[in-house]
Protein chains: 2
Amino acid sequence: MRAHGVHAYIVPSTDAHMSEYISKRDARLGWLTGFTGSAGTSVVTQDKAALWTDSRYWTQAERELDCNWELQRTTWIESIAMWIMEAVPVGGNISLDPFLFSVATWNSYSQALYGSGRTLLPLETNLVDQAWGDQRPSPSSSKIYSLPAAFTGSSWQEKVAGIRQQMEQHVRRPTAVLLSGLEETAWLFNLRGDDIPYNPVFYSYTLLTNTSISLFVEGSRLSVAARESLSSGCPGPLCVELQEYGQVSAHLRNYTLGNVTVWLGTEYTTYGLYGIIPQEKLLEESYSPVMTAKAVKNAQEQELLRAAHVRDAVAVIQYLLWLEKKVPQGQVDEFSGAQHIDALRRAQQHSHGPSFQSISASGLNAALAHYSPSNGSSRTLSADEMYLFDTGGQYLDGTTDITRTVHWGQPTPLQKEAYTRVLMGNIDLSRLVFPSNTAGRTVESFARRALWDIGLNYGHGTGHGIGNFLSVHEWPVGFQSNNVPLAAGMFTSIEPGYYRDGEFGIRIEDIALVVEAQTKYQSEEKPFLTFEVVSLVPYDRNLIDLSLLSSEQIQYLNSYYKKIRERVGPELQRQQLQEEYKWLQESTEPFPVGSAVTTTATTAMLALTSLLSVLLSGLQA
Amino acid sequence: MRAHGVHAYIVPSTDAHMSEYISKRDARLGWLTGFTGSAGTSVVTQDKAALWTDSRYWTQAERELDCNWELQRTTWIESIAMWIMEAVPVGGNISLDPFLFSVATWNSYSQALYGSGRTLLPLETNLVDQAWGDQRPSPSSSKIYSLPAAFTGSSWQEKVAGIRQQMEQHVRRPTAVLLSGLEETAWLFNLRGDDIPYNPVFYSYTLLTNTSISLFVEGSRLSVAARESLSSGCPGPLCVELQEYGQVSAHLRNYTLGNVTVWLGTEYTTYGLYGIIPQEKLLEESYSPVMTAKAVKNAQEQELLRAAHVRDAVAVIQYLLWLEKKVPQGQVDEFSGAQHIDALRRAQQHSHGPSFQSISASGLNAALAHYSPSNGSSRTLSADEMYLFDTGGQYLDGTTDITRTVHWGQPTPLQKEAYTRVLMGNIDLSRLVFPSNTAGRTVESFARRALWDIGLNYGHGTGHGIGNFLSVHEWPVGFQSNNVPLAAGMFTSIEPGYYRDGEFGIRIEDIALVVEAQTKYQSEEKPFLTFEVVSLVPYDRNLIDLSLLSSEQIQYLNSYYKKIRERVGPELQRQQLQEEYKWLQESTEPFPVGSAVTTTATTAMLALTSLLSVLLSGLQA
């Protein structure tokens, strides 16, 4: 830092593609700080160092950071900038690697420091990599393969044609789209790899122009079939030219010498690449047309995801039954539980392992929303505690993500009420009917209201998009302010929760597809929308206080359970899982709707009943 | 335009203070286009002209614009820019008066035109004013007066001290706050005037520094008491120095030569004034600290607003009873109705006339959300049609705004269902419990859900802040994306609706105070919030389908009606309005909660009842 005249250096948790999960080679924040959470930012000055992370990771960060580090319990860039301004005097340089920050994030830092007398300085030399030296892991060299046609929604040529059509129709007439997101390139060409844990993607960039396609990737890693597929249209506008991964900057610099306009997504393109393109040749939007096209699944992709969820439900049901038997004997701990659910998923057809590190948390550990157990320190599951597991699988036909919370003994009244209200939130959002083009952020409170009613809440978002054998957290779908409006064909998780620090944690997460709703009146414009829940695992009856549910909520639950029976029952039988089949039938018994009767009605019935008994005793007399 | 080299000229509906209502002198858009709606933007080129306005005004604009004007049914600045880019070739100049556009709006235009090859050119000569010439009305010369102490929440000296404290505590240490909003200056000094219809404000600016106070206003217009109050602290930091209104730019230019930082609100400060201040001396936020302080009413201000609403309810109840008698005889039209409600309000104590132009709309006219009748063309009210009136009053102790929709005959099933669902939306948002610091936009969907359920919706916002004898639409409170988070002490309207073009319109609007909620569990941090409805007029029983309401909604209605009786009943008696008192008692009879009984319970009761009748017939036999 001194050699470069840098007074504060900002280190993010991301890689050059804004990937959520990163390879070991890109784990700079972890190497620097010791913190292993998936999201955070650190700043180092000559005499201070601090880490910012969100509420999911506060307790974890406290455990992992040593006393050299201050933990800052927020992720607002304004707060990072404030800290920097206290630590760095006017005239100082605040520096970062421009190839590790998105345009949007760079702009936020730039705005926050504006007029403060400190300079925000992009530095191409990465200071962490310099310090890391030979110890830094080397790049991946594993194979990159084509998805079989049975597992794709359309050919890569159709996808390219669709994107080019969007380019032509855009008022700015862009000549090229630059793809920095690893899932953008993987989706566009129906290719997959395993450079990053949990997400089947590979290091790459794509520059798709109106006349050519450049794919920046280590060419030798492509399978023969992949290579043949990409070159089948050569020469011509559907010929994919392979370029070295490291050549993207040089190529982009050269391309933008011409009379061109490059379309890119500022949420995940790095400031480094962005800076190469002259301002007047830029078409900036939050997300590229590939990102938004990918978010809306076509009928074939929807069917694939539905099918993956049926097999995924089998694995989760096997796990729930296994837990029911083993936990009371004290034979399961968080780590062995996580290993078991991972193994059950792997045994299912088309499995490619978990879609993220399994969260398996018992008792107070579940209060850490994203706790993952390690082999050394793992709590034993018990019938006296709640247990939360948030897990998912990668399958050739889809990506899954589901959370269930269970209790095998006697939950406390607060546990039962909180669980029931989290479930009510899940139901209320899942069964919501809303107009086309509604922003997720304007409806996510329906998942919170039942908790709010009694003064409770949760500190994380309510859902995220999910891919077809791609990222488990997929941009730009969800319920946050930077998500795009909901449209039919999008998949999102719905995952309210409740966490009581030092005591317990609850989360109920399902994946849902946005579908057209059948309404009594039809709008002249677009049809209204609702959700179809595709996760197919029943909730814990032991934790549901039926008296809190409205009859509409109970009816919704019963029809959801009916769907589970219809879709998962046959698959359990096909896999000859008779015990699981029986468990499913018991666990999806319809709930009595009448239990939601109002006090007045109950009183009236009591009156009638007592009148009846008077009369009956009269008869007997 | 040709003389100034201007290819497109943008004319807004606002004045130099971003006032919602404007004086005749500032009605440039109306003079230019003939459109009399309160919000719109027009663009004129050499051979085309277009007007943009929101869905409230589409039908009205169609009627009022002649064939020279294109009506654009949106208000997105992107769409205005798109139109301009089609009309003006690359290299053209797009011009506007920088003293009539807020910083935020200027930035939006600037962004939308960025990189398009057209230049956005501020032009200090106003081209409309030039064309208007002597015909343009002259400035107001009426008196500006001090509010009596009984009608203020705190003295102006206390308010100034509070703002100066915020300046000291701000990390940027601003040395001054610039107030451009007319209600900012009026609120700060407890002064009122009548330069603008409906809003008791006067043309002014204020520059409040840490050591001095400059009030830019026509000094001769101040009442003796007002002048004495302002000069009571002279000389010293609580001495208000009077400056000419027109001197604000020159004064600001001079002040910002020094080592100063000026804090201002970009949502309503004009780009013209903003541009005077060097960038490094600016502290830009959406709203000034005066605007945000004004939004949170203290206990005294809350009591004043509550009291105004009691008397306002008396006027509205008088009107409803009068309508009940006169409408069946065909004796009321929209215009005479509006005149009557205005007169009833004026007869109440502390009245200063209506707080906006009364909306009085029968039948299909109510489908225009903001229709106002004129004397010439006014529909006769009838027992065969729905009638909507949205009216409010200015009182020394508060500003009111209320909408009721009524039907004196037989509503259609759709009318009744739609009305009931609008009411359910009003109730659901009004009784919502939510965490402190929740943004309005994340909860406003609760006012829409009952409509969404059957495929209906409405095209306007759900509410707005309201002042204490100030603006009826008060920044920055409300449910839109540019509103600040809800906090205890804020007042907002809650006003869902439903409009069927060419048929009818429904809106139910109440004013509500944000208050602390009593919840079963208490958060460690801030208490949860809810609303206390301060409008006190019952809804039309003839339009409520009780079977759609949940028992919670009915219980809420009953407790609201109880509050109306308790607060308005005594005032009706004090004013010796016996007939109205009787009407109120009848109109606020509790609804039977049992009607919300579930089907199952009803079936069970039917079974018991029939068993009973069998037994009874057995006894008789």
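First, a word on scope: everything that follows refers to the structure included in this document. Predicted model, so just to flag it, every value in this text is computed and none were measured. (Residues numbered from 1 in each chain as written. Chains lettered and ligands numbered in written order. Predicted model: local features only at pLDDT ≥ 70, side-chain atom pairs only at ≥ 80, totals over all residues. Heavy atoms only, no water.)

## Focus: the overall build of chain A
Then comes step 1: Each helix and strand counted, chain A has 18 helices and 27 strands in total.
Then comes step 2: Against the globule reference of 25 Å for 621 residues, chain A gives a C-alpha radius of gyration of 27 Å, in line with a compact fold.
Then comes step 3: With the C-alpha coordinates of chain A rotated into their principal frame, the extents come out at 105 × 55 × 50 Å.
Then comes step 4: Out of the 621 residues belonging to chain A, those deemed buried represent 59%.
Then comes step 5: Expressed as a percentage of contacts within chain A between residues at least 6 apart in sequence, the contacts between residues at least 24 apart total 70%.
Then comes step 6: Carbon and sulfur atoms make up 50% of the accessible area of chain A, which amounts to about 24,000 Å² in all.
Then comes step 7: Counting 47 positive and 64 negative side-chain charges, chain A places the averaged centre of each group 2 Å from the other. (Helix = DSSP H or I, 4+ residues; strand = E, 2+ residues; numbered from the N terminus. Rg over C-alpha atoms; globule rule 2.2 N^0.38 Å. Buried < 20%, exposed > 50% of the residue type's maximum accessible area, 1.4 Å probe, protein only. Contact = heavy atoms within 4.5 Å. Areas by Shrake-Rupley, 256 points an atom, 1.4 Å probe, with all protein chains shown as cover. Lys, Arg positive; Asp, Glu negative; His and termini not counted. Charge placed at Lys NZ, Arg CZ, Asp CG, Glu CD.)

## Some remarks on the sheet that holds strand 2 (residues 41–45) of chain A
Residues and elements named next belong to chain A.
Then comes step 1: The strand order across the open sheet formed by six strands is 4-3-2-1-5-6, and the pairing between neighbours is mixed. One side of each edge strand has no neighbouring strand; the edge strands of this open sheet are strand 4 (70–72) and strand 6 (119–122). Going from strand to strand, the sheet's axes swing by 25 degrees on average, the running direction of each strand aside.
Then comes step 2: In this sheet, strand 3 (residues 49–52) lies alongside strand 2 in antiparallel orientation, the contact comprising four bridges. If you follow Ser-42 over to strand 3, its bridge partner there is Leu-51.
Then comes step 3: Across the sheet, helix 4 (residues 103–113) touches strand 1 (8–12), strand 2, strand 5 (93–96) and strand 6, and the angle it forms with strand 6 is around 155 degrees. (Pairing = 2+ DSSP bridges. Axes fitted to C-alpha atoms, helices over the stretch in contact; angles between N-to-C directions.)

## A closer look at the environment of Tyr-198 of chain A
Then comes step 1: Among the secondary structure elements, Tyr-198 of chain A is positioned in the loop between strand 9 (191–192) and strand 10 (205–209).
Then comes step 2: Each C-alpha atom of the pair Tyr-198 of chain A and Gly-393 of chain A lies 8.6 Å from the other, and the pair is 195 residues apart in sequence.

## Regarding the pattern of salt bridges
All names here are of chain B.
Then comes step 1: A full pass over the atoms with the stated rule returns 55 salt bridges over all chains.
Then comes step 2: With a shortest N-O distance of 2.6 Å, Arg-306 and Glu-303 are connected by a salt bridge. Of this pair, Arg-306 and Glu-303 both sit in helix 12 (residues 299–326), three residues apart, roughly one helical turn.
Then comes step 3: Overall, Arg-306 belongs to the buried group, its relative accessible area being 16%. (Salt bridge = Lys/Arg side-chain N within 4 Å of Asp/Glu carboxyl O.)

## Looking at helix 9 (residues 248–255) of chain A
Residue and element names in this part refer to chain A.
Then comes step 1: For helix 9, every residue scored as buried is listed here: Val-248, Ser-249, Leu-252 and Tyr-255. One side of helix 9 carries all its buried residues, which in axial view fall inside an arc of 130 degrees.
Then comes step 2: Where the residues of helix 9 are buried, they touch strand 8 (176–179), strand 10, strand 11 (213–216), strand 13 (262–265) and helix 10 (271–274). (Arc of directions from axis to C-beta.)

## Section: the state of the cysteines
Residue and element names in this part refer to chain A.
Then comes step 1: Applying the stated criterion to the full structure yields two disulfides over all chains.
Then comes step 2: With a sulfur-sulfur separation of 2.0 Å, Cys-234 is cross-linked through a disulfide to Cys-239. An S-S torsion of about 80 degrees defines the bridge between Cys-234 and Cys-239 as right-handed. (Disulfide = S-S within 2.5 Å.)

## So, the sheet that holds strand 18 (residues 393–395) of chain A
Residue and element names in this part refer to chain A.
Then comes step 1: What the three strands build is an open sheet, ordered 15-18-19; its pairing is antiparallel. Strands at the two margins of the open sheet, each flanked by one partner only, are strand 15 (351–354) and strand 19 (398–399).
Then comes step 2: As paired strands, strand 18 and strand 19 are joined by two bridges and run antiparallel to one another. In the sheet register, Gln-394 faces strand 19, and the bridge partner there is Thr-399.
Then comes step 3: Seen against the sheet, helix 13 (residues 334–346) touches strand 15 and strand 18 and runs at an angle of roughly 170 degrees to strand 15.

## Description of empty space enclosed by the protein
All names here are of chain A.
Then comes step 1: Inspection of every chain in the model, using the stated rule, returns three cavities of 30 Å³ or more.
Then comes step 2: Its volume calculated, the largest cavity comes out at about 100 Å³.
Then comes step 3: Forming the walls of the largest cavity are 16 residues, and the residues nearest its centre are Lys-159, Trp-187, Arg-192, Glu-301 and Asn-468.
Then comes step 4: Of the residues that constitute the lining of the largest cavity, the class distribution is five nonpolar, five polar and six charged. (1 Å grid on protein atoms, 1.4 Å probe; cavity = no way out; pocket = protein on both sides within 12 Å on 5 of 7 lines; lining within 4 Å. Points joined across faces, edges and corners; volume = space filled by probe spheres on them. Nonpolar A, V, L, I, M, F, W, Y, C, P; charged D, E, K, R; others polar.)

## So, unusual backbone geometry
Then comes step 1: The omega angle of the peptide bond from Cys-234 of chain A to Pro-235 of chain A is -15 degrees, so this bond is cis rather than trans.
Then comes step 2: Relative to the helices and strands, Pro-235 of chain A resides in the loop between helix 8 (224–231) and strand 12 (240–243).
Then comes step 3: The phi angle at Arg-173 of chain B is positive, at roughly 50 degrees, despite the residue not being glycine.
Then comes step 4: Positionally, Arg-173 of chain B belongs in the loop between helix 6 (156–169) and strand 8 (176–179).
Then comes step 5: Even without glycine at this site, His-350 of chain B takes up a positive phi of about 65 degrees.
Then comes step 6: Considering the arrangement of structural elements, one finds His-350 of chain B in the loop between helix 13 (334–346) and strand 15 (351–354).
Then comes step 7: For His-350 of chain B, a relative accessible area of 26% corresponds to the partly exposed category.

## A look at helix 4 of chain A
A turn of α-helix holds 3.6 residues, and therefore any two residues three or four places apart point the same way.
Residue and element names in this part refer to chain A.
Then comes step 1: For helix 4, every residue scored as buried is listed here: Val-103, Trp-106, Tyr-109 and Leu-113. One face of helix 4 carries all of its buried residues, which in axial projection span an arc of 125 degrees.
Then comes step 2: Those residues of helix 4 that are buried lie in contact with strand 1, strand 2, helix 3 (77–87), strand 5, strand 6 and helix 10.
Then comes step 3: Downstream of helix 4 by a residue or two, Gly-115 has a phi angle that is positive, lying close to 75 degrees.

Honestly, it's all geometry; don't read function into it.
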